[in-house]
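Understanding the architecture of this molecule
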Amino acid sequence: MSDNLVLACPHCHGMNRVPSARLAAQPNCGHCHKPLFTGHPVALGVDHFTAHADRSELPLLVDFWAPWCGPCQMMAPHFERAAAMLEPQVRLAKVDTQVEPTLGQRHGIRSIPTLVLLRQGREIARQSGAMDANGIVRWTRQHLGA
């Protein structure tokens, strides 16, 4: 990581430049003044996906899911716990493929739940099927080389 990271706010989706050393110091957004890290996944739609996936320098772990999917519902609390364990090194996001089919199609989602790990718009890794919180954290760190 460089000395400064550009990252998107989970609230207003504005872009922020934050010194790497300050990531753990609970920085606030320069636009809306809310915390840049909440310990919870951010729900993303097509309007704000690019800010977090392409423009942000923070790796993005996306859970592609749907409300009718049983395994997705089982994994949801685990993904929530993983967000608290992985932030501020990784931003976690959820994309409801029923509401946002364009994002599912763009990323070639064929089954859900599917986790896609992105770094500045490029896919690093993909995993289909439900996982527990420790599995999500281990899988993410393994693919980021942490």
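All of the points below concern the structure found in this document. (Residues numbered from 1 in each chain as written. Predicted model: local features only at pLDDT ≥ 70, side-chain atom pairs only at ≥ 80, totals over all residues. Heavy atoms only, no water.)

Right, let's talk about the pattern of salt bridges for a bit. As enumerated under the stated definition, the model contains three salt bridges in all. A salt bridge links D63 to K94; its shortest N-O distance comes to 2.6 Å. With D63 in strand β4 (residues 60-65) and K94 in strand β5 (residues 91-96), this residue pair connects regions lying 31 residues apart in the sequence. We classify D63 as buried; its relative accessible area is 1%. (Salt bridge = Lys/Arg side-chain N within 4 Å of Asp/Glu carboxyl O. Helix = DSSP H or I, 4+ residues; strand = E, 2+ residues; numbered from the N terminus. Buried < 20%, exposed > 50% of the residue type's maximum accessible area, 1.4 Å probe, protein only.)

As a further point, take the packing of helix α2 (residues 70-86) against helix α4 (residues 133-144). Their axes nearest at 8 Å, the elements α2 and α4 cross at an angle of 50°. Of the possible angle classes, the one that applies to α2 and α4 is oblique. Two packed elements cross with a definite hand, and for α2 against α4 that hand is right-handed. Across from M75, H78, F79, R81, A82, M85 and L86 in α2, the residues of α4 making contact are A133, N134, I136, V137, T140 and R141. Residues of the contact of α2 with α4, tallied by class, amount to eight nonpolar, three polar and two charged. (Axes fitted to C-alpha atoms, helices over the stretch in contact; angles between N-to-C directions. Parallel < 35°, antiparallel > 145°, perpendicular 65-115°, else oblique. Left-handed = near helix turned anticlockwise from the far one by under 90°. Contact = heavy atoms within 4.5 Å. Nonpolar A, V, L, I, M, F, W, Y, C, P; charged D, E, K, R; others polar.)

This next bit is on the sheet that holds strand β3 (residues 42-43). Whether parallel or antiparallel, the strands of a sheet pair through hydrogen bonds between backbone atoms. Pairing is mixed across the open sheet formed by five strands, whose spatial order is β3-β5-β4-β6-β7. Each end of this open sheet is capped by a strand with a single partner; those strands are β3 and β7 (122-128). Against the sheet, α4 engages β4, β6 (114-119) and β7, with an angle of about 35° to β6. (Pairing = 2+ DSSP bridges.)

With that settled, consider α2. The end-to-end C-alpha distance of α2, which contains 17 residues, comes to 24 Å, matching closely the 24 Å that a straight helix rising 1.5 Å per residue would cover. Along α2, the sharpest kink reaches roughly 35°, centred on A76 and followed within four residues by the proline P77. Taken as a whole, α2 has its buried residues at C72, M75, F79, A82, A83 and L86. The elements touched by buried residues of α2 are β4, β5, β6 and α4. (Expected span 1.5 Å × (residues − 1). Bend = angle between axes of the 7 residues up to and from the residue.)

Compared with the 16 Å implied by 1.5 Å per residue over twelve residues, the 17 Å span of α4 between its first and last C-alpha is a close match. Buried residues of α4: A133, G135, I136, V137, W139 and T140, and no others. At its buried positions, α4 is contacted by β4, α2, β6 and β7. Downstream of α4 by one or two residues, G145 has phi in the positive range, about 75°.

With that out of the way, let us pick up the environment of P19. Note that P19 resides in strand β2 (residues 15-19). P19 sits 13 residues away from V6 along the chain, and the two C-alpha atoms are 8.8 Å apart. With residues up to four places along the chain from it excluded, the contact list for P19 reads D3 and N4.

Mapped onto the secondary structure, I136 falls in helix α4. Measuring from C-alpha to C-alpha, the distance between I136 and L44 comes to 19 Å, with 92 residues separating the pair along the chain. Among residues more than four places away in sequence, those in contact with I136 are L61, M75, H78, F79, A82, L115 and M131.

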